[in-house]
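Structure assessment
Chain by chain, the residues:
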There are 2 protein chains.
Amino acid sequence: MIPKGFEFSAVMAGIKYKDRLDVGLVLCEAPAAAAGVFTRNTVVAAPVVVSRERVKSGFCRAILVNAGNANACTGKQGYEDTLRTTATMAKTLGISPEEILVCSTGVIGAPLPVETMERAMPGLAEALAGDIAPFAKSIMTTDLVEKVSSRRVKIGGVDVVVTGAAKGSGMIKPDMATMLGFVVTDAKVSPKTLQEVLSGAAELSFNRITVDGDTSTNDTLLMLASGLSGAPAVESSPEAMKTFSKAVEEVCRDLARMIVRDGEGATKLVDITVTGAADDRAAKAIAFTIAESPLVKTALHGEDPNWGRIAAALGRSGHFKGGEFGITVGDVPIVKAGAWLGTEAEKAAREIMQGNEFGITVEIFEGEGRATVTTCDFSAGYISINANYRS
Amino acid sequence: MIPKGFEFSAVMAGIKYKDRLDVGLVLCEAPAAAAGVFTRNTVVAAPVVVSRERVKSGFCRAILVNAGNANACTGKQGYEDTLRTTATMAKTLGISPEEILVCSTGVIGAPLPVETMERAMPGLAEALAGDIAPFAKSIMTTDLVEKVSSRRVKIGGVDVVVTGAAKGSGMIKPDMATMLGFVVTDAKVSPKTLQEVLSGAAELSFNRITVDGDTSTNDTLLMLASGLSGAPAVESSPEAMKTFSKAVEEVCRDLARMIVRDGEGATKLVDITVTGAADDRAAKAIAFTIAESPLVKTALHGEDPNWGRIAAALGRSGHFKGGEFGITVGDVPIVKAGAWLGTEAEKAAREIMQGNEFGITVEIFEGEGRATVTTCDFSAGYISINANYRS
């Protein structure tokens, strides 16, 4: 489903690989309300600097993305290269450079092949169409599958569409980096509301996943709202607000889960839920400590309900006082009130862990805090993907 | 080298495996000044609770250690089992139970086989001798090599010996857990000074290594000082204090490096040094973020001077403002003042990384803070060791 006002395209520019879509474009026929969420890494790529600045204006028209080169740690030249590519793209499209947001993903440190990108731009403009699939393909690096999600909801009785695409399978890879997400909608919404909705959705989706605990120099989530659905403004009623926020959150959550499912070498998608923490923040911190533990992740790979590793991660999280705890795999409790429930319970838990997707719940008794973090297992495939040379 | 007053022994008790030394004993002929450093994990094993309490008295005579069972997450029964085993050992040795420190390492959650241990005690007492090797062997779990280090120094012209043994190859493993360290000396030293020296040495050795970022429910470092060397008290002069502290620190550092070298699946020992941080604490935090990054560790395994991953870890450490930085592998700079030095520099760095031991220095410009953390690479061997069932 494509929201009204948007077109997409992608071309094979040959930035790093041959015969692979590697530059993509999103264009809105009118100025769209714009919002963005960016990496908190203090080492940031040039396109992050540029997009972070431009999104502040509140309205943009286009998003230009390349794979194969992250334009990160490239200094002043990298910044100028980003300005130049968006200037050329703007000229080709007949819009202002400030209306173009930009993202890059790929090798860190190598200079951006600006002319290669510029040569691709006329074709990129010509290929614009109402199909997001080629764009979703063009942003992939080590991703095995393209990631698109949509929701159609009613606002004031009128259809509104929210559609997103994302890439990512490790938080950062040298060769191939970064999590990127793009969401477009035809809802009518102010830039301020859009930013709030997007930030809220990011917190409950992209900020609740982990593949390897590494965060990228290029992580970016951008959203454009054309306002062309004909529906009343999102701000017109609390219900409209709720409906819209939920749709954006669901699209972001779908995309985030697709990233973990496609995690480098991953064979399992696992939701780690923590309940009874002092507050939600503490629950999230505990869940991340468990979800990022190499020993927990290798146990997930081995389909081993190895609760000693979970207990050890809980204990070093900094958010557990050290009292009783319970651990449940799927619907099978294996530890209750701090006591091990025996080999039969572990056997049942092991059966659940033989599936591709399951949940693990850790229950403590310090408050009402609750959070779920989605993670994947750690396999020999992760090592081989990441130990290989960058050739 | 064995400090005066100490004897060691080990037996095959059959706690988990057959034909393997798995219970060890250290005995001092006189009450020895005692000190201990324990895991900061809030989920702690029963022997940690007991040893932490007993070391407070300032003087102990013996250390009883078993491998194969961690006696962790075993509740009230586990605590009572620890009291019972030390009581039986005390009776066999004719000393008080409160004089016995105790450590366990191995499977978490399983009850301690108390009677199996008790049956081993007469043999353990009989085998006591001036050789630390069998003891060092008996504490091993997934360790491939035993770890012993000694220093002989002069205090007031008289020889003083510091000797230590340790085990560990991952911070915690389900089957086989924990880092344990034991240091003995014949120096004359008060419990208070001994604790200060040991805490200081731990901070610069065991607290500066990482295999996988996981900390155990059982981590323990214990030290006993017999005072039988005939040398003046360590506190008698600043030089004596310095000499003694340095010897203890060197022994701890040797043991810590042996643990990393023996890290599960490890093929590289790598010192990550950070200079120019706001303070030493910030430098240590940055060094640990880099040393624990799965992407950095897989790059070390691939012998790939993949500085983008180091820059990304630096940037997410929370202790780098985002200015210029330099990265040097061995003595080869690959990034200087934020700029990449090109493929020739990377080629030279790659050659250094083909060795088994090397250093990587990350230079920032925010102050005088400096720290070194020792890490190892992440290999497919790590995954297979830790994904296998606990059978």
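Reading the values: the criteria
- Residues numbered from 1 in each chain as written.
- Chains lettered and ligands numbered in written order.
- Predicted model: local features only at pLDDT ≥ 70, side-chain atom pairs only at ≥ 80, totals over all residues.
- Heavy atoms only, no water.
- Helix = DSSP H or I, 4+ residues; strand = E, 2+ residues; numbered from the N terminus.
- Rg over C-alpha atoms; globule rule 2.2 N^0.38 Å.
- Areas by Shrake-Rupley, 256 points an atom, 1.4 Å probe, with all protein chains shown as cover.
- Buried < 20%, exposed > 50% of the residue type's maximum accessible area, 1.4 Å probe, protein only.
- Pairing = 2+ DSSP bridges.
- Contact = heavy atoms within 4.5 Å.
- Buried area = accessible area lost by both parts, 1.4 Å probe.
- Salt bridge = Lys/Arg side-chain N within 4 Å of Asp/Glu carboxyl O.
- Nonpolar A, V, L, I, M, F, W, Y, C, P; charged D, E, K, R; others polar.
- 1 Å grid on protein atoms, 1.4 Å probe; cavity = no way out; pocket = protein on both sides within 12 Å on 5 of 7 lines; lining within 4 Å.
- Points joined across faces, edges and corners; volume = space filled by probe spheres on them.
- Domains from an automatic or database assignment.
- Polar contact = N/O pair within 3.5 Å; in protein donor to acceptor, adjacent residues only side chain to side chain.
- Bend = angle between axes of the 7 residues up to and from the residue.
- Phe/Tyr/Trp six-rings, centres within 6.5 Å; stacked < 30°, edge-to-face > 60°.

Looking at the overall build of chain A
Of regular secondary structure, chain A possesses eleven helices and 15 strands. For 391 residues, the compact-globule estimate of 2.2 N^0.38 gives 21 Å, and the C-alpha radius of gyration of chain A, at 22 Å, lies within 12% of that figure. Summed over its atoms, the accessible surface of chain A is roughly 13900 Å², and 53% of this surface lies on carbon and sulfur atoms.

A closer look at unusual backbone geometry
Within the chain, A:D19 stands out as a residue other than glycine whose phi angle is a positive 55 degrees. Inspection of the secondary structure puts A:D19 in the loop between β1 (6–11) and β2 (23–38). Judged by its relative accessible area of 70%, A:D19 falls in the exposed class. Non-glycine residue B:E303 carries a positive phi angle of around 55 degrees. Here B:E303 falls in the buried class, since its relative accessible area comes to 18%.

Examining the pairing of strand β2 (residues 23–38) of chain B
Residue and element names in this part refer to chain B. Of all 16 residues that make up β2, 13 are buried, and the element is covered over most of its length. Pairing geometry for β2 and strand β3 (residues 59–69), over seven bridges, is antiparallel. By the bridge assignment for β3, V23 is matched with N66. Pairing analysis gives six bridges linking β2 to strand β9 (residues 220–225), with the strands arranged antiparallel. Within β9, the residue paired with A33 across the bridge is A225.

Some points on the interface of chain A and chain B
Each partner contributes to the interface: chain A provides 51 residues, whereas chain B provides 51 residues. In total, chain A and chain B occlude about 4200 Å² of area from one another, counting both sides; carbon and sulfur atoms represent 58% of this. Remark: the boundary between chain A and chain B carries zero salt bridges. If you tally residues by element for the side of chain A that touches chain B, the top one is helix α9 (residues 307–316) of chain A, at seven residues. Taken together, the residues of the side of chain A that touches chain B break down into 21 nonpolar, 19 polar and eleven charged.

Re the sheet that holds strand β14 (residues 357–363) of chain A
Residues and elements named next belong to chain A. Strand order in this open sheet of seven strands is β8-β15-β10-β14-β11-β12-β13, and the pairing throughout is mixed. Edge strands, defined here as strands with exactly one partner in the open sheet, are β8 (209–210) and β13 (339–340). Judged from the four bridges that link them, strand β11 (residues 326–329) and β14 form a sheet pairing that is antiparallel. If you follow T328 over to β14, its bridge partner there is T361.

A short note on the layout of surface pockets
Approximately 430 Å³ is the volume attributed to the second largest pocket. In terms of lining residues, the second largest pocket is bounded by 24 residues, among which B:V44, B:C73, B:T74, B:G75 and B:K76 are the most central. Among the elements of the structure, β13 of chain A together with α1 (46–54) and α2 (75–93) of chain B are those that each provide at least two residues to the lining of the second largest pocket. With three residues, the single largest contributor to the lining of the second largest pocket is α2(B). Of the residues that constitute the lining of the second largest pocket, the class distribution is 14 nonpolar, eight polar and two charged.

Section: the pattern of salt bridges
For the structure shown, the criterion picks out 40 salt bridges over all chains. Two residues, A:E118 and A:R84, come together in a salt bridge whose shortest N-O distance is 3.0 Å. Taken together, the positions of A:E118 in helix α3 (residues 114–126) and A:R84 in helix α2 (residues 75–93) put the pair 34 residues apart, joining distant regions of the chain. A:R84 gets classed as partly exposed once you look at its relative accessible area, which sits at 38%. Of the charged contacts in the structure, one is a salt bridge between B:K137 and B:E146, with a shortest N-O distance of 2.8 Å. Its relative accessible area of 43% is what places B:K137 among the partly exposed residues.

Thoughts on the domain arrangement of chain A
Residue and element names in this part refer to chain A. Under the domain assignment used here, chain A contains domain 1 (6–261) and domain 2 (269–387). For domain 1 and domain 2, the distance between their C-alpha centroids amounts to 33 Å. In this complex, domain 1 contributes twelve residues to the contact, which on the side of domain 2 involves 16 residues. A salt bridge links R261 to E357, with the shortest nitrogen-to-oxygen separation between them at 2.6 Å. At the surface where domain 1 touches domain 2, the tally comes to five residue pairs in polar contact (both at pLDDT 80 or more). Breaking the side of domain 1 that touches domain 2 down by element, the ones donating at least two residues are β8 and α6 (238–261). A breakdown of the residues in the side of domain 1 that touches domain 2 according to their chemical character gives three nonpolar, three polar and six charged.

Side note on α3(A)
Since one α-helical turn is 3.6 residues long, residues separated by three or four positions face the same way. Residues and elements named next belong to chain A. In the structure, α3 departs most strongly from a straight axis at A120, where the bend amounts to approximately 35 degrees and where the proline P122 lies between one and four residues downstream. Considered for burial, the residues of α3 that qualify are V114, T116, M117, E118, A120, M121 and L124. In this structure, the buried side of α3 is in contact with β1, β2, β3 (59–69) and α2.

Description of the side chain of B:D262
All names here are of chain B. By secondary structure assignment, the location of D262 is in the loop between α6 (238–261) and β10 (269–277). Judged by its relative accessible area of 6%, D262 is buried. Among the polar contacts made by the side chain of D262, one reaches the side chain of K147 at a distance of 2.7 Å. The residues touching D262, leaving out its near neighbours within four places in the chain, are D143, L144, V145, K147 and S169.

Brief notes about the packing of aromatic side chains
Residues and elements named next belong to chain A. Evaluation of the coordinates by the stated rule reveals nine aromatic pairs over all chains. When the ring of F8 is compared with that of F135, the centres are 6.1 Å apart and the planes differ by 50 degrees; the resulting orientation is tilted. With a gap of 127 residues between them, F8 in strand β1 and F135 in helix α4 (residues 133–138) connect regions that are remote in the sequence. A relative accessible area of 1% means that F135 is categorised as buried.

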